[in-house]
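Here's the letter readout for the chains.
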Amino acid sequence: MIKKAPSDKAGVTLVTFEFPVAIWAESVHLVGEFNGWDQNSHPLTRGRSDDAWSITLELEAGREYQFRYLVDGREWHNDWNADKYVPNNFGGDNSVVTT
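Residues numbered from 1 in each chain as written. Predicted model: local features only at pLDDT ≥ 70, side-chain atom pairs only at ≥ 80, totals over all residues. Heavy atoms only, no water.

Can you explain the overall build of the protein? Please cite residues and give values.
Looking only at helices and strands, one finds 0 helices and 8 strands in the protein. Listing each helix as α and each strand as β along the protein from the N terminus yields β-β-β-β-β-β-β-β. Taken over C-alpha atoms, the radius of gyration comes to 13 Å for the protein, in line with the 13 Å a tight globule of 99 residues would show. Summarising its shape, the C-alpha atoms of the protein cover approximately 35 × 35 × 20 Å along the three principal directions. A total of 99 residues make up the protein; the buried ones form 42% of that total. For the protein, the share of sequence-separated contacts (at least 6 apart) that also reach a separation of at least 24 residues comes to 60%. Taking the 9 positively charged and 15 negatively charged side chains of the protein as two groups, their mean positions are separated by 1 Å. (Helix = DSSP H or I, 4+ residues; strand = E, 2+ residues; numbered from the N terminus. Rg over C-alpha atoms; globule rule 2.2 N^0.38 Å. Buried < 20%, exposed > 50% of the residue type's maximum accessible area, 1.4 Å probe, protein only. Contact = heavy atoms within 4.5 Å. Lys, Arg positive; Asp, Glu negative; His and termini not counted. Charge placed at Lys NZ, Arg CZ, Asp CG, Glu CD.)

This is how it looks when you write it as structure tokens:
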């Protein structure tokens, strides 16, 4: 799930990315254009009672960003509530968020 909110900073949107706990995972990372597809720079967190893994980013408003979730360093997942999807070079799709 993706939640968007205006930021106090001009031209910035706060975007919260959530990954469901129903998919069992030791770790979940947000990987995308906003971090150069770095597989380690944006770990999602969750507390014991949280319904989802989550992370909030400040992203430039008025843009589209491709992304995916990397689970346990080996399984790629899309966000099925993304704004749209685009084909990637690996025979699958990337999720897209529009700010």
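Residues and numbers for the pairing of strand S7 (residues 84-87), please.
Across 4 bridges, S7 lies against strand S8 (residues 93-98) in antiparallel orientation. When the bridges of S8 are listed, Tyr85 appears paired with Ser95. (Pairing = 2+ DSSP bridges.)

Could you give an account of the pairing of strand S1 (residues 2-6), naming the residues involved and the relevant values?
Pairing of S1 with strand S2 (residues 12-20), which is carried by 5 bridges, proceeds in the antiparallel orientation. Counted as the bridge partner of Ala5 is Leu14 from S2. Between the antiparallel neighbours S1 and S2 lie 5 residues, among them Gly11 with a positive phi of about 75°.

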